[in-house]
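Chain residues, written in single-letter form:
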Amino acid sequence: MLFSSPIFLYLFLPLVLLLTYLSPKKIQNYTLLIASLLFYAWGGVSFLALLMTSVTLNYTFGLLVNYAKTQRRKTIFLGIGVVLNLSLLVYFKYANFIVFNLKESGFYSGELSKIILPIGISFFTFHAMSYLIDVYRDQAHIQNNFAKLTLYLSLFPQLIAGPIVRYKDVDKQIESRSMSVDKFSSGIRRFMLGLMRKVLIANPMALIADQAFNSDPHSLSIAMAWLGIIAYSVQIYYDFAGYSDMALGLGRMLGFEFLENFNFPYIAKSIKDFWHRWHISLSTWFRDYLYIPLGGNRLGGVRTYVNLAIVFFLTGLWHGAAWNFVVWGLIHGFFLIIERLGFEKFIKRFPTIIQHLYTLLVVLFAWIFFRANDFAHAIKYIKAMFGQFDFAFNNISVLEFVNYDTIIILTIAFLGATPIFETLIKKWNNFHNNHISFLSTISLHSYQLASIFFLIFGLLYSTMQLITNSYNPFIYFRF
(Lines give C-alpha, C1' and ligand atoms only; values in the text may rest on other atoms or scores of the structure.)
Protein backbone atom coordinates (compact mmCIF):
# COMPACT_ATOMS: atom_id res chain seq x y z
CA MET A 1 0.00 0.00 0.00
CA LEU A 2 1.56 3.27 -1.11
CA PHE A 3 1.34 6.39 1.03
CA SER A 4 0.41 8.22 -2.16
CA SER A 5 -2.45 5.90 -3.10
CA PRO A 6 -6.10 6.96 -2.74
CA ILE A 7 -6.92 3.89 -0.61
CA PHE A 8 -4.25 4.93 1.91
CA LEU A 9 -5.12 8.63 1.86
CA TYR A 10 -8.90 8.31 2.09
CA LEU A 11 -9.50 4.98 3.84
CA PHE A 12 -6.58 3.43 5.71
CA LEU A 13 -5.05 6.59 7.22
CA PRO A 14 -8.31 8.24 8.39
CA LEU A 15 -9.43 4.96 10.00
CA VAL A 16 -6.10 4.44 11.76
CA LEU A 17 -6.02 8.01 13.06
CA LEU A 18 -9.63 7.81 14.22
CA LEU A 19 -9.19 4.48 16.00
CA THR A 20 -5.87 5.51 17.54
CA TYR A 21 -7.22 8.76 18.98
CA LEU A 22 -10.39 7.06 20.23
CA SER A 23 -8.44 4.25 21.87
CA PRO A 24 -7.49 4.54 25.54
CA LYS A 25 -3.75 5.11 26.03
CA LYS A 26 -3.29 1.57 27.33
CA ILE A 27 -4.34 0.02 24.02
CA GLN A 28 -3.10 2.63 21.53
CA ASN A 29 0.02 0.56 20.86
CA TYR A 30 -2.12 -2.47 20.08
CA THR A 31 -4.28 -0.42 17.73
CA LEU A 32 -1.18 0.75 15.89
CA LEU A 33 0.27 -2.76 15.89
CA ILE A 34 -2.80 -4.27 14.24
CA ALA A 35 -2.91 -1.42 11.70
CA SER A 36 0.81 -1.87 10.91
CA LEU A 37 0.49 -5.63 10.41
CA LEU A 38 -2.52 -5.13 8.13
CA PHE A 39 -0.58 -2.48 6.22
CA TYR A 40 2.31 -4.89 5.60
CA ALA A 41 0.02 -7.85 4.85
CA TRP A 42 -1.48 -5.76 2.04
CA GLY A 43 1.68 -6.56 0.06
CA GLY A 44 1.30 -10.31 0.72
CA VAL A 45 0.47 -12.49 3.71
CA SER A 46 3.65 -14.52 3.15
CA PHE A 47 5.65 -11.32 3.64
CA LEU A 48 3.93 -10.85 7.00
CA ALA A 49 5.05 -14.35 8.02
CA LEU A 50 8.65 -13.37 7.22
CA LEU A 51 8.32 -10.14 9.22
CA MET A 52 7.00 -12.05 12.23
CA THR A 53 9.85 -14.54 11.89
CA SER A 54 12.27 -11.63 12.09
CA VAL A 55 10.46 -10.21 15.12
CA THR A 56 10.52 -13.55 16.95
CA LEU A 57 14.19 -14.08 16.13
CA ASN A 58 15.22 -10.66 17.41
CA TYR A 59 12.98 -10.78 20.47
CA THR A 60 14.60 -14.08 21.46
CA PHE A 61 18.18 -13.02 20.84
CA GLY A 62 17.60 -9.66 22.48
CA LEU A 63 16.67 -11.48 25.67
CA LEU A 64 19.63 -13.85 25.33
CA VAL A 65 22.06 -10.95 24.82
CA ASN A 66 20.64 -8.92 27.70
CA TYR A 67 20.45 -11.70 30.28
CA ALA A 68 23.66 -13.54 29.39
CA LYS A 69 25.86 -13.81 32.48
CA THR A 70 29.22 -13.30 30.78
CA GLN A 71 30.50 -10.89 28.15
CA ARG A 72 31.62 -13.81 26.03
CA ARG A 73 28.09 -15.24 25.93
CA LYS A 74 26.67 -11.83 25.12
CA THR A 75 29.03 -11.55 22.17
CA ILE A 76 28.21 -15.07 20.94
CA PHE A 77 24.45 -14.47 21.13
CA LEU A 78 24.83 -11.11 19.36
CA GLY A 79 26.93 -12.73 16.62
CA ILE A 80 24.36 -15.49 16.05
CA GLY A 81 21.51 -12.96 15.99
CA VAL A 82 23.26 -10.71 13.48
CA VAL A 83 24.19 -13.70 11.28
CA LEU A 84 20.58 -14.95 11.27
CA ASN A 85 19.31 -11.47 10.34
CA LEU A 86 21.82 -11.20 7.53
CA SER A 87 21.01 -14.74 6.40
CA LEU A 88 17.38 -13.80 5.83
CA LEU A 89 18.46 -10.69 3.94
CA VAL A 90 21.05 -12.54 1.83
CA TYR A 91 18.65 -15.36 0.92
CA PHE A 92 15.74 -13.21 -0.17
CA LYS A 93 17.71 -10.34 -1.72
CA TYR A 94 21.02 -11.76 -2.93
CA ALA A 95 20.62 -15.53 -3.52
CA ASN A 96 19.81 -15.15 -7.22
CA PHE A 97 22.58 -12.56 -7.62
CA ILE A 98 25.12 -14.94 -6.07
CA VAL A 99 23.93 -17.91 -8.15
CA PHE A 100 23.96 -15.83 -11.34
CA ASN A 101 27.56 -14.74 -10.76
CA LEU A 102 28.62 -18.30 -9.93
CA LYS A 103 27.06 -19.47 -13.21
CA GLU A 104 28.76 -16.69 -15.14
CA SER A 105 32.08 -17.71 -13.57
CA GLY A 106 31.54 -21.39 -14.37
CA PHE A 107 31.37 -22.54 -10.74
CA TYR A 108 27.70 -23.52 -10.84
CA SER A 109 25.45 -24.98 -13.52
CA GLY A 110 22.07 -25.14 -11.77
CA GLU A 111 19.00 -23.06 -12.50
CA LEU A 112 18.02 -19.83 -10.80
CA SER A 113 15.13 -20.20 -8.37
CA LYS A 114 12.34 -17.65 -8.32
CA ILE A 115 12.67 -15.75 -5.04
CA ILE A 116 10.31 -12.83 -4.51
CA LEU A 117 11.92 -9.89 -2.73
CA PRO A 118 9.84 -9.03 0.37
CA ILE A 119 8.96 -5.34 0.55
CA GLY A 120 11.13 -3.35 2.92
CA ILE A 121 13.34 -6.27 4.02
CA SER A 122 16.50 -4.13 3.91
CA PHE A 123 14.92 -1.59 6.23
CA PHE A 124 13.36 -3.84 8.85
CA THR A 125 16.50 -6.01 8.92
CA PHE A 126 18.62 -2.95 9.71
CA HIS A 127 16.06 -1.90 12.33
CA ALA A 128 16.32 -5.33 13.93
CA MET A 129 20.12 -5.38 13.97
CA SER A 130 20.28 -1.90 15.49
CA TYR A 131 18.03 -3.18 18.31
CA LEU A 132 20.28 -6.16 19.06
CA ILE A 133 23.49 -4.15 18.86
CA ASP A 134 22.17 -1.29 21.01
CA VAL A 135 21.01 -3.77 23.66
CA TYR A 136 24.45 -5.41 23.55
CA ARG A 137 26.15 -2.02 23.96
CA ASP A 138 23.77 -1.04 26.80
CA GLN A 139 22.63 1.91 24.67
CA ALA A 140 19.00 0.72 24.77
CA HIS A 141 16.86 -1.06 27.32
CA ILE A 142 15.75 -4.60 26.58
CA GLN A 143 12.15 -4.88 25.40
CA ASN A 144 10.50 -7.70 27.36
CA ASN A 145 7.09 -7.05 25.79
CA PHE A 146 6.81 -8.98 22.52
CA ALA A 147 3.98 -6.77 21.22
CA LYS A 148 5.99 -3.57 21.75
CA LEU A 149 9.02 -4.93 19.92
CA THR A 150 6.71 -6.06 17.12
CA LEU A 151 5.32 -2.52 16.97
CA TYR A 152 8.83 -1.07 16.65
CA LEU A 153 9.79 -3.40 13.80
CA SER A 154 6.44 -3.15 12.00
CA LEU A 155 5.38 0.48 12.62
CA PHE A 156 3.88 1.34 9.25
CA PRO A 157 5.21 4.92 8.77
CA GLN A 158 8.80 3.65 8.62
CA LEU A 159 8.33 -0.04 7.73
CA ILE A 160 8.48 -0.09 3.93
CA ALA A 161 11.10 2.46 2.89
CA GLY A 162 12.50 3.99 6.05
CA PRO A 163 13.87 6.16 7.39
CA ILE A 164 15.93 3.71 9.44
CA VAL A 165 14.64 4.44 12.93
CA ARG A 166 16.87 3.05 15.67
CA TYR A 167 15.24 1.48 18.66
CA LYS A 168 17.13 3.67 21.15
CA ASP A 169 15.62 6.75 19.45
CA VAL A 170 12.00 5.62 19.88
CA ASP A 171 11.97 3.14 22.80
CA LYS A 172 10.67 5.76 25.24
CA GLN A 173 8.10 6.94 22.70
CA ILE A 174 6.76 3.39 22.36
CA GLU A 175 6.34 3.24 26.13
CA SER A 176 4.84 6.72 26.42
CA ARG A 177 4.34 9.52 23.92
CA SER A 178 2.33 12.69 23.73
CA MET A 179 -0.20 13.54 21.05
CA SER A 180 -1.23 17.16 20.72
CA VAL A 181 -3.03 19.45 18.30
CA ASP A 182 0.22 21.23 17.44
CA LYS A 183 2.06 17.99 16.76
CA PHE A 184 -0.87 16.63 14.74
CA SER A 185 -1.15 19.79 12.60
CA SER A 186 2.63 19.81 12.11
CA GLY A 187 2.41 16.19 11.00
CA ILE A 188 -0.31 16.97 8.47
CA ARG A 189 1.76 19.80 6.97
CA ARG A 190 4.85 17.60 6.74
CA PHE A 191 2.88 14.73 5.21
CA MET A 192 1.23 16.98 2.64
CA LEU A 193 4.58 18.51 1.68
CA GLY A 194 5.94 15.02 1.08
CA LEU A 195 2.87 13.99 -0.92
CA MET A 196 3.19 17.00 -3.21
CA ARG A 197 6.93 16.46 -3.65
CA LYS A 198 6.26 12.87 -4.63
CA VAL A 199 3.20 13.26 -6.86
CA LEU A 200 3.74 16.68 -8.42
CA ILE A 201 7.53 16.61 -8.92
CA ALA A 202 8.96 13.08 -8.68
CA ASN A 203 6.29 11.37 -10.78
CA PRO A 204 6.45 13.73 -13.80
CA MET A 205 10.26 13.62 -13.74
CA ALA A 206 10.10 9.82 -13.61
CA LEU A 207 8.31 9.75 -16.96
CA ILE A 208 11.17 11.67 -18.60
CA ALA A 209 13.87 9.62 -16.85
CA ASP A 210 12.20 6.34 -17.79
CA GLN A 211 11.90 7.39 -21.43
CA ALA A 212 15.62 8.19 -21.54
CA PHE A 213 16.88 5.14 -19.66
CA ASN A 214 14.47 2.65 -21.23
CA SER A 215 15.54 3.70 -24.72
CA ASP A 216 18.53 2.47 -26.68
CA PRO A 217 21.31 4.98 -25.82
CA HIS A 218 22.10 5.15 -29.56
CA SER A 219 18.72 6.81 -30.09
CA LEU A 220 19.33 9.64 -27.59
CA SER A 221 20.46 13.08 -28.54
CA ILE A 222 23.05 14.71 -26.29
CA ALA A 223 20.43 17.05 -24.81
CA MET A 224 17.98 14.20 -24.20
CA ALA A 225 20.62 12.10 -22.44
CA TRP A 226 21.48 15.01 -20.13
CA LEU A 227 17.81 15.79 -19.53
CA GLY A 228 17.22 12.14 -18.66
CA ILE A 229 19.82 12.00 -15.90
CA ILE A 230 18.85 15.44 -14.57
CA ALA A 231 15.23 14.29 -14.44
CA TYR A 232 16.28 11.12 -12.60
CA SER A 233 18.37 13.12 -10.13
CA VAL A 234 15.29 15.22 -9.38
CA GLN A 235 13.05 12.16 -9.28
CA ILE A 236 15.08 10.12 -6.80
CA TYR A 237 15.52 13.05 -4.44
CA TYR A 238 11.88 14.15 -4.42
CA ASP A 239 10.66 10.54 -4.43
CA PHE A 240 12.69 9.46 -1.41
CA ALA A 241 12.72 12.79 0.45
CA GLY A 242 8.98 13.04 -0.19
CA TYR A 243 8.46 9.57 1.28
CA SER A 244 10.58 10.52 4.30
CA ASP A 245 8.49 13.68 4.75
CA MET A 246 5.34 11.57 4.71
CA ALA A 247 6.85 9.09 7.19
CA LEU A 248 7.89 11.87 9.57
CA GLY A 249 4.49 13.51 9.19
CA LEU A 250 2.66 10.25 9.92
CA GLY A 251 4.89 9.72 12.94
CA ARG A 252 4.00 13.13 14.35
CA MET A 253 0.29 12.54 13.78
CA LEU A 254 0.64 9.38 15.87
CA GLY A 255 2.79 11.00 18.56
CA PHE A 256 6.24 9.88 17.36
CA GLU A 257 9.24 12.04 16.49
CA PHE A 258 11.64 10.50 13.95
CA LEU A 259 15.02 11.99 13.11
CA GLU A 260 15.42 13.91 9.86
CA ASN A 261 16.58 11.89 6.85
CA PHE A 262 17.51 14.65 4.36
CA ASN A 263 19.09 18.08 4.68
CA PHE A 264 19.23 19.62 1.19
CA PRO A 265 21.87 17.20 -0.16
CA TYR A 266 22.14 18.88 -3.56
CA ILE A 267 23.64 22.02 -2.01
CA ALA A 268 26.57 19.99 -0.66
CA LYS A 269 30.09 21.28 -1.39
CA SER A 270 31.82 17.88 -1.23
CA ILE A 271 30.91 14.20 -1.33
CA LYS A 272 31.60 14.05 2.41
CA ASP A 273 29.11 16.87 2.88
CA PHE A 274 26.66 15.11 0.56
CA TRP A 275 26.60 12.03 2.80
CA HIS A 276 26.00 14.22 5.83
CA ARG A 277 22.83 15.36 4.07
CA TRP A 278 21.58 12.41 1.97
CA HIS A 279 19.72 9.44 3.50
CA ILE A 280 21.13 10.41 6.88
CA SER A 281 19.62 7.42 8.69
CA LEU A 282 21.47 4.99 6.39
CA SER A 283 24.83 6.80 6.41
CA THR A 284 24.82 7.09 10.20
CA TRP A 285 23.77 3.42 10.51
CA PHE A 286 26.76 2.30 8.47
CA ARG A 287 29.00 4.71 10.36
CA ASP A 288 27.98 3.52 13.84
CA TYR A 289 27.51 -0.19 13.17
CA LEU A 290 30.18 -0.89 10.54
CA TYR A 291 32.70 1.89 9.90
CA ILE A 292 33.54 2.61 13.55
CA PRO A 293 33.64 -1.09 14.60
CA LEU A 294 36.02 -1.72 11.68
CA GLY A 295 38.32 0.87 13.20
CA GLY A 296 37.05 4.03 11.54
CA ASN A 297 39.92 6.45 11.07
CA ARG A 298 41.73 5.37 14.24
CA LEU A 299 44.08 2.80 12.69
CA GLY A 300 45.98 4.92 10.19
CA GLY A 301 45.42 6.24 6.70
CA VAL A 302 45.50 2.99 4.71
CA ARG A 303 43.09 1.23 7.06
CA THR A 304 40.75 4.24 6.95
CA TYR A 305 40.60 4.07 3.16
CA VAL A 306 40.01 0.31 3.24
CA ASN A 307 37.19 0.83 5.76
CA LEU A 308 35.59 3.49 3.55
CA ALA A 309 35.82 1.19 0.52
CA ILE A 310 34.17 -1.65 2.47
CA VAL A 311 31.39 0.60 3.76
CA PHE A 312 30.53 2.03 0.36
CA PHE A 313 30.83 -1.34 -1.38
CA LEU A 314 28.19 -2.61 1.05
CA THR A 315 26.18 0.62 0.79
CA GLY A 316 25.90 0.04 -2.95
CA LEU A 317 25.06 -3.63 -2.49
CA TRP A 318 22.44 -2.77 0.15
CA HIS A 319 20.58 -0.76 -2.49
CA GLY A 320 20.37 -3.59 -4.99
CA ALA A 321 21.69 -7.01 -5.98
CA ALA A 322 23.51 -5.85 -9.10
CA TRP A 323 27.03 -4.73 -9.95
CA ASN A 324 25.91 -1.32 -11.15
CA PHE A 325 24.75 -0.53 -7.59
CA VAL A 326 28.16 -1.64 -6.31
CA VAL A 327 29.84 0.68 -8.83
CA TRP A 328 27.59 3.53 -7.65
CA GLY A 329 28.70 2.92 -4.06
CA LEU A 330 32.36 2.62 -4.98
CA ILE A 331 32.26 5.91 -6.94
CA HIS A 332 31.16 7.67 -3.77
CA GLY A 333 33.72 5.75 -1.73
CA PHE A 334 36.49 6.70 -4.18
CA PHE A 335 35.74 10.41 -3.99
CA LEU A 336 35.48 10.26 -0.20
CA ILE A 337 38.96 8.71 -0.14
CA ILE A 338 40.52 11.29 -2.47
CA GLU A 339 38.88 14.06 -0.46
CA ARG A 340 40.54 12.66 2.65
CA LEU A 341 43.84 12.50 0.75
CA GLY A 342 43.71 16.27 0.28
CA PHE A 343 41.29 16.97 -2.57
CA GLU A 344 38.71 18.45 -0.19
CA LYS A 345 41.24 21.07 0.95
CA PHE A 346 42.18 21.70 -2.66
CA ILE A 347 38.60 22.20 -3.87
CA LYS A 348 37.89 24.58 -0.96
CA ARG A 349 40.34 27.03 -2.52
CA PHE A 350 37.86 27.59 -5.35
CA PRO A 351 34.67 29.66 -5.23
CA THR A 352 31.65 28.01 -3.62
CA ILE A 353 29.93 27.57 -7.00
CA ILE A 354 32.83 25.39 -8.19
CA GLN A 355 32.56 23.23 -5.07
CA HIS A 356 28.84 22.77 -5.71
CA LEU A 357 29.40 21.92 -9.38
CA TYR A 358 32.09 19.37 -8.53
CA THR A 359 29.77 17.64 -6.06
CA LEU A 360 26.73 17.73 -8.33
CA LEU A 361 28.66 16.30 -11.29
CA VAL A 362 30.01 13.40 -9.22
CA VAL A 363 26.55 12.68 -7.79
CA LEU A 364 24.88 13.01 -11.19
CA PHE A 365 27.28 10.63 -12.97
CA ALA A 366 27.04 8.16 -10.09
CA TRP A 367 23.23 8.19 -10.45
CA ILE A 368 23.67 6.89 -14.01
CA PHE A 369 24.99 3.60 -12.63
CA PHE A 370 22.24 3.58 -10.02
CA ARG A 371 19.49 3.96 -12.62
CA ALA A 372 20.91 2.02 -15.59
CA ASN A 373 19.82 -1.55 -16.23
CA ASP A 374 23.40 -2.79 -15.89
CA PHE A 375 27.00 -1.62 -16.09
CA ALA A 376 27.18 -1.85 -19.90
CA HIS A 377 24.01 0.23 -20.24
CA ALA A 378 25.48 2.90 -17.95
CA ILE A 379 28.64 3.18 -20.06
CA LYS A 380 26.59 3.53 -23.26
CA TYR A 381 24.41 6.16 -21.61
CA ILE A 382 27.48 8.20 -20.64
CA LYS A 383 28.72 7.97 -24.22
CA ALA A 384 25.36 9.29 -25.42
CA MET A 385 25.75 12.28 -23.10
CA PHE A 386 28.95 13.20 -24.89
CA GLY A 387 27.75 12.54 -28.43
CA GLN A 388 29.70 9.35 -29.05
CA PHE A 389 27.00 7.87 -31.28
CA ASP A 390 26.06 8.70 -34.86
CA PHE A 391 23.69 11.67 -34.88
CA ALA A 392 21.69 10.01 -37.64
CA PHE A 393 20.35 7.57 -35.07
CA ASN A 394 19.39 10.22 -32.50
CA ASN A 395 15.63 9.93 -32.99
CA ILE A 396 14.57 10.85 -29.45
CA SER A 397 14.73 14.62 -29.17
CA VAL A 398 14.68 16.69 -26.02
CA LEU A 399 12.08 18.95 -27.64
CA GLU A 400 9.49 16.19 -27.20
CA PHE A 401 9.71 16.62 -23.43
CA VAL A 402 10.63 20.25 -22.83
CA ASN A 403 7.41 22.21 -22.43
CA TYR A 404 6.02 24.77 -20.01
CA ASP A 405 5.04 22.08 -17.48
CA THR A 406 8.54 20.60 -17.50
CA ILE A 407 10.18 24.00 -17.13
CA ILE A 408 7.89 24.97 -14.23
CA ILE A 409 8.42 21.65 -12.43
CA LEU A 410 12.20 21.78 -12.86
CA THR A 411 12.30 25.40 -11.65
CA ILE A 412 10.31 24.55 -8.52
CA ALA A 413 12.42 21.42 -8.03
CA PHE A 414 15.70 23.33 -8.27
CA LEU A 415 14.51 25.99 -5.83
CA GLY A 416 13.03 23.38 -3.50
CA ALA A 417 16.35 21.54 -3.36
CA THR A 418 17.79 24.63 -1.64
CA PRO A 419 16.80 26.19 1.71
CA ILE A 420 15.38 29.28 -0.01
CA PHE A 421 11.70 28.59 0.82
CA GLU A 422 12.58 27.53 4.37
CA THR A 423 14.67 30.70 4.84
CA LEU A 424 11.87 32.96 3.56
CA ILE A 425 9.34 31.35 5.91
CA LYS A 426 11.69 31.76 8.89
CA LYS A 427 12.26 35.42 8.03
CA TRP A 428 8.52 35.94 7.69
CA ASN A 429 7.87 34.37 11.10
CA ASN A 430 10.69 36.33 12.72
CA PHE A 431 9.32 39.55 11.27
CA HIS A 432 5.90 38.93 12.77
CA ASN A 433 7.35 37.88 16.12
CA ASN A 434 9.36 41.11 16.30
CA HIS A 435 6.77 43.49 14.84
CA ILE A 436 3.49 42.96 16.61
CA SER A 437 0.84 45.31 15.26
CA PHE A 438 -2.67 45.24 13.87
CA LEU A 439 -1.45 45.00 10.27
CA SER A 440 1.14 42.34 11.05
CA THR A 441 -1.50 40.30 12.86
CA ILE A 442 -3.81 40.50 9.85
CA SER A 443 -1.01 39.53 7.47
CA LEU A 444 -0.02 36.62 9.74
CA HIS A 445 -3.58 35.28 9.81
CA SER A 446 -3.79 35.76 6.05
CA TYR A 447 -0.58 33.78 5.63
CA GLN A 448 -1.91 30.97 7.85
CA LEU A 449 -5.17 30.91 5.92
CA ALA A 450 -3.29 30.84 2.60
CA SER A 451 -1.20 27.94 3.90
CA ILE A 452 -4.34 25.96 4.70
CA PHE A 453 -5.78 26.60 1.25
CA PHE A 454 -2.43 25.67 -0.30
CA LEU A 455 -2.42 22.30 1.50
CA ILE A 456 -6.04 21.62 0.55
CA PHE A 457 -5.32 22.50 -3.07
CA GLY A 458 -2.20 20.34 -2.96
CA LEU A 459 -4.18 17.37 -1.66
CA LEU A 460 -6.95 17.76 -4.24
CA TYR A 461 -4.56 18.32 -7.15
CA SER A 462 -2.36 15.41 -6.06
CA THR A 463 -5.43 13.20 -5.79
CA MET A 464 -6.52 14.21 -9.28
CA GLN A 465 -3.06 13.31 -10.60
CA LEU A 466 -3.14 9.96 -8.82
CA ILE A 467 -6.56 9.13 -10.26
CA THR A 468 -5.78 10.18 -13.82
CA ASN A 469 -2.23 8.78 -13.94
CA SER A 470 -1.53 5.17 -13.05
CA TYR A 471 2.24 5.73 -12.86
CA ASN A 472 3.04 6.09 -9.15
CA PRO A 473 6.10 4.05 -8.09
CA PHE A 474 8.32 4.52 -5.06
CA ILE A 475 11.97 3.98 -5.94
CA TYR A 476 13.05 2.79 -2.50
CA PHE A 477 10.28 0.20 -2.18
CA ARG A 478 12.52 -2.31 -3.98
CA PHE A 479 15.24 -1.97 -1.36
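Residues numbered from 1 in each chain as written. Predicted model: local features only at pLDDT ≥ 70, side-chain atom pairs only at ≥ 80, totals over all residues. Heavy atoms only, no water.

**Q** So, the overall build of the protein: which residues are in play, and what are the values?
**A** Counting its regular elements, the protein contains 19 helices and 0 strands. For a compact globule of 479 residues, the expected C-alpha radius of gyration is about 23 Å, and the protein comes in at 24 Å, within 12% of that figure. When its C-alpha atoms are laid out on the principal axes, the protein stretches across 75 × 70 × 45 Å. In the protein, buried positions account for 52% of the 479 residues. Once local pairs closer than 6 in sequence are excluded, the contacts in the protein between residues at least 24 apart make up 76%. Accessible area of the protein: about 23000 Å², with a carbon and sulfur share of 68%. (Helix = DSSP H or I, 4+ residues; strand = E, 2+ residues; numbered from the N terminus. Rg over C-alpha atoms; globule rule 2.2 N^0.38 Å. Buried < 20%, exposed > 50% of the residue type's maximum accessible area, 1.4 Å probe, protein only. Contact = heavy atoms within 4.5 Å. Areas by Shrake-Rupley, 256 points an atom, 1.4 Å probe, with all protein chains shown as cover.)

**Q** Any details on helix α14 (residues 323–347)? Residues and values, ideally.
**A** Compared with the 36 Å implied by 1.5 Å per residue over 25 residues, the 30 Å span of α14 between its first and last C-alpha is markedly short. The largest bend in α14 comes to about 80°, at R340. (Expected span 1.5 Å × (residues − 1). Bend = angle between axes of the 7 residues up to and from the residue.)

**Q** Can you break down the packing of helix α3 (residues 45–67) against helix α6 (residues 146–154) residue by residue, with the values?
**A** It is the contact of α3 with α6, at a shortest axis distance of 10 Å, that shows an interaxial angle of 125°. Taken together, the axis directions place α3 and α6 in an arrangement best described as oblique. Considering how the two elements wind past one another, α3 and α6 form a crossing that is right-handed. For the pair α3 and α6, the contacting residues are L51, M52, V55, T56, N58 and Y59 in the first and F146, L149, T150, L153 and S154 in the second. Classifying every residue of the contact of α3 with α6 gives 7 nonpolar, 4 polar and no charged. (Axes fitted to C-alpha atoms, helices over the stretch in contact; angles between N-to-C directions. Parallel < 35°, antiparallel > 145°, perpendicular 65-115°, else oblique. Left-handed = near helix turned anticlockwise from the far one by under 90°. Nonpolar A, V, L, I, M, F, W, Y, C, P; charged D, E, K, R; others polar.)

**Q** Which residues make up helix α4 (residues 71–105), and what values do they have?
**A** Between its first and last C-alpha atoms α4 spans 42 Å; for 35 residues at 1.5 Å apiece the expected length is 51 Å, and the helix comes up short by more than 12%. Along α4, the residues classified as buried are K74, L78, G81, V82, N85, L89, K93, Y94, A95, F97 and N101. Residues of α4 that are buried make contact with α3, α5 (121–136), α13 (301–319) and α14. Positioned one or two residues after α4, G106 has a phi angle of 85°, which is positive.

**Q** Hey, could you go over the packing of aromatic side chains for me, with residue numbers and the actual values?
**A** Per the counting criterion, the structure on display carries 53 aromatic pairs. Here the aromatic rings of F12 and F39 are separated by 5.7 Å at their centres, their planes lie at 45°, and the arrangement is tilted. Remark: F39 occurs in helix α2 (residues 25–41) and F12 occurs in helix α1 (residues 6–22); sequence separation between them is 27 residues. The exposure class of F12 is buried, given its relative accessible area of 11%. Its relative accessible area of 1% is what places F39 among the buried residues. Aromatic pair Y237 and F262: ring centres 6.0 Å apart, planes at 75°, arrangement edge-to-face. Placement of Y237 in helix α10 (residues 222–253) and of F262 in the loop between α10 and α11 (271–277) is noted, with a sequence separation of 25 residues between them. For F262, a relative accessible area of 12% gives the class buried. (Phe/Tyr/Trp six-rings, centres within 6.5 Å; stacked < 30°, edge-to-face > 60°.)

**Q** Talk me through a positive patch on the surface; I want residue IDs and the actual numbers.
**A** A cluster of basic residues, K269, K272, R340, K345 and K348, forms a positive patch at the surface. In this fold, K348 is placed in the loop between α14 and α15 (352–371). For K348, a relative accessible area of 54% translates into the label exposed. (Patch = residues over 30% accessible without salt bridge, like charges linked within 9 Å, V, L, I, M, F, W, Y side chains within 5 Å. Salt bridge = Lys/Arg side-chain N within 4 Å of Asp/Glu carboxyl O. Lys, Arg positive; Asp, Glu negative; His and termini not counted. Charge placed at Lys NZ, Arg CZ, Asp CG, Glu CD.)

**Q** So what's going on with the nonpolar core? Which residues, and what values?
**A** Counting residues in hydrophobic clusters, the biggest one holds 144 residues, and the most contacted among them are F8, F156 and W367. Looking at this core element by element, the count peaks at 18 residues for α10. The residues contacting W367, other than those within four sequence positions of it, are I229, Y232, S233, I236, Y266, W278 and W328. (Core = buried A, V, L, I, M, F, W, Y, C linked by side-chain atoms within 4.5 Å.)

**Q** Go over the environment of Q388 with me, naming the residues and quoting the values.
**A** Its location among the elements puts Q388 in the loop between α16 (375–385) and α17 (404–416). For Q388 and S221, which are 167 residues apart along the polypeptide, the C-alpha to C-alpha distance reads 10.0 Å.

**Q** Residues and numbers for the packing of α5 against helix α12 (residues 280–291), please.
**A** Packing of α5 against α12 brings their axes to within 12 Å, and their N-to-C directions diverge by 35°. The handedness of the crossing between α5 and α12 is left-handed. Judged by residue contacts, F126, M129, S130, I133 and D134 of α5 engage L282, W285, F286 and Y289 from α12. Taken together, the residues of the contact of α5 with α12 sort by class into 7 nonpolar, 1 polar and 1 charged.

**Q** Tell me about unusual backbone geometry, residues and numbers included.
**A** Within the chain, D138 stands out as a residue other than glycine whose phi angle is a positive 60°. Its location among the elements puts D138 in the loop between α5 and α6. Of note, the phi angle at F264 is positive, near 50°, even though the residue is not glycine. Note that F264 resides in the loop between α10 and α11. Overall, the relative accessible area of 14% leaves F264 in the buried class.

**Q** An account of the pattern of salt bridges is requested, with residue identities and associated values reported.
**A** This model, assessed by the stated rule, comprises 11 salt bridges. Between R190 and E260 there is a salt bridge, and its shortest N-O distance comes to 2.7 Å. Taken as a pair, R190 in helix α9 (residues 181–213) and E260 in the loop between α10 and α11 lie far apart in primary sequence, 70 residues in all. Using a relative accessible area of 15% as the deciding quantity, one classes R190 as buried. Classification of E260 as partly exposed rests on a relative accessible area of 36%. Measuring nitrogen to oxygen at the nearest pair gives 2.8 Å for the salt bridge that ties D239 to K198. One end of the pair, D239, is in helix α10; the other, K198, is in helix α9, and 41 residues separate them in sequence.

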